[in-house]
Amino acid sequence: MRGPESTGEEIQAGEAAALRLAEGVPLREALDVGDPRAWLALDLGARVVRHGYRPEFIPAWEAAAPLPARLRLPGAFELLDEARLALVLCHRDGRLRERALGRAAGRPGLLALVVVRTTDWAEPVRHRARELLRAHLDAEAAVALAPLVLLLGRRDRGDFAVDLLGQVLRAAPPERLSPLLAHPDRAVRRFTYRLAVERGALSPVELARAAAEDADTVVQTLCTDAALAGGRTDDDVLALLLAARNPEVRSAGVTALRRAGRPEQAEAFLADRAAMVRACARYVVRQYGGDPAAWYRARCAGPRDEALPPGAVVGLAECGERADAALLWPLVGHPVPGVRARAVAGLRLLDVAEARRLEPLLEDPAPGVVREVTAALLPSARSLDAGRLTGLLAAERPRHQRVAAFRLLDACGGLVRLRAAVASLDDPDEKLRHWAGQSVQAWRPSADVPAGAAEVGRLLDRARHLFSDHVLKRRKWGAGVRG
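Residues numbered from 1 in each chain as written. Predicted model: local features only at pLDDT ≥ 70, side-chain atom pairs only at ≥ 80, totals over all residues. Heavy atoms only, no water.

A few points about the overall build of the chain
- The number of helices and strands found in the chain is 30 helices and zero strands.
- Expressed along its principal axes, the backbone C-alpha trace of the chain runs to roughly 90 × 75 × 30 Å.
- Within the chain, buried positions represent 49% of all 483 residues.
- Restricting the contact set of the chain to residue pairs at least 6 apart, pairs at least 24 apart contribute 60%.
- Within the structure as shown, the chain displays about 23,600 Å² of accessible surface, and the carbon and sulfur contribution to it stands at 50%.
- The centroid of the 71 positive side-chain charges in the chain is displaced by 5 Å from the centroid of its 62 negative side-chain charges. (Helix = DSSP H or I, 4+ residues; strand = E, 2+ residues; numbered from the N terminus. Buried < 20%, exposed > 50% of the residue type's maximum accessible area, 1.4 Å probe, protein only. Contact = heavy atoms within 4.5 Å. Areas by Shrake-Rupley, 256 points an atom, 1.4 Å probe, with all protein chains shown as cover. Lys, Arg positive; Asp, Glu negative; His and termini not counted. Charge placed at Lys NZ, Arg CZ, Asp CG, Glu CD.)

Dropping the structure here:
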């Protein structure tokens, strides 16, 4: 009975809803009928037996408000209202569920439970529910029940309802799809957009707008491909794609500029914030004889130009040569933090980052700059001034500087790593304390650590709360420390 999507809270919610229905509360007041999980919770909660699996035990709602004793006799179901009939549709007895389906016809409020029964484990119940759903699922009901149908589609027997939903929506007027195209559930939007693309129900402009505005990457890709299908290069379509937040959508729009013969528009994206978009822009510019590297060099020639986009700086490194480092080094002192960070990233890409010149930037006030400097210095961490890095671990230093110093000292290994990790166990930042604890626990003496060094014993004693007594003793023995 319990599906992979059920949780303890959902079971309890289903039991509570079943009790309310048993007490005569109307269906729409007993549970949130617009939430597909509420129906699944009711189906499960109405059948859960809390006290065991022996026949004499029954679900809570049946004990609180038992069904009529003659329920199995002909005509008994005519006495049930909608709320009680909903409970019987979720009954643990499959024969009662099957009979209740016969009374559910003509009751739109119960159609959601008919959908649930199409995945029933009992074949007679499942077969009757599918016949009933095929007869009553129209376009209006399909729109309302789509979230539930697609949620049930994850179950082993959920494909029937999903296929039927697709058939109904394919035949529905295009305007019927609008609520589903804006549905908060991304699975519903994905399903509906696939149908709309298949039917050709949306114009290229509508598809481009969806690609630019929808938050789901699957919908974005689907609509972008459909909007540009057949080599379309409509101005309205390209304008929407080029203004999208998602880099994949923008890159598709930039690539389409090649077919449109507009390399001058692609040139504006050479400095885009996303590497993918910059690469596509360089491709388009080159196809029309342009030289992206020359464009980047011209933009990066002014080391104090505050209008310089950071993307142009890293773009130079992506397509330039090592000699272009002469343009990047002055930008390391640029007044805009984003430019400084991309300049350091560019030097690392060109493999010309000099540790001696970059090390002072570990004290930069901008976290993004320090992150890039740290990435550039990690391969040469052992050559850095360990004393200076240790000074950056001080509690009064900004967090990004302490993190950078810890990462570099940790990369040094040996006794330097253990000193830094133990020193950071008291750091004000919880995450850094956690990383330091992990580093201490993973530390093993390397070849450059003198066997029996007393300092190792003192440092491990300061971190004794991280080990059991037995493990601490073995770590000390491994380092040659006795006592």
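A closer look at the packing of aromatic side chains
- With the rule as written, the count across this model stands at one aromatic pair.
- Between Trp 295 and Tyr 296 the ring centres are 5.4 Å apart and the planes differ by 80 degrees, which places this aromatic pair in the edge-to-face class.
- On the basis of relative accessible area, Tyr 296 is assigned to the buried category, the value being 0%.
- One residue, Arg 357, lies across the ring of Trp 329, its end atom 3.8 Å from the ring centre. (Phe/Tyr/Trp six-rings, centres within 6.5 Å; stacked < 30°, edge-to-face > 60°. Lys NZ or Arg CZ within 6 Å of the ring centre and 35° of its normal.)

With respect to the side chain of Gln 220
- Within the secondary structure layout, Gln 220 lies in helix H14 (residues 217-227).
- Take Gln 220: its relative accessible area is 7%, and that puts it in the buried class.
- From its side chain, Gln 220 meets the backbone oxygen of Asp 214 in a polar contact 2.6 Å long. (Polar contact = N/O pair within 3.5 Å; in protein donor to acceptor, adjacent residues only side chain to side chain.)

Looking at helix H10 (residues 159-171)
- With 13 residues, H10 extends 19 Å between its outermost C-alpha atoms, agreeing within 8% with the 18 Å of an ideal straight helix rising 1.5 Å per residue.
- Within H10, burial applies to Phe 160, Ala 161, Val 162, Leu 164, Leu 165, Gly 166, Val 168 and Leu 169. (Expected span 1.5 Å × (residues − 1).)

Things to note about unusual backbone geometry
- At Asp 351, a residue that is not glycine, the phi angle is positive and equals roughly 60 degrees.
- Take Asp 351: it is sitting in the loop between helix H22 (337-349) and helix H23 (355-358).
- Asp 351 gets classed as exposed once you look at its relative accessible area, which sits at 59%.

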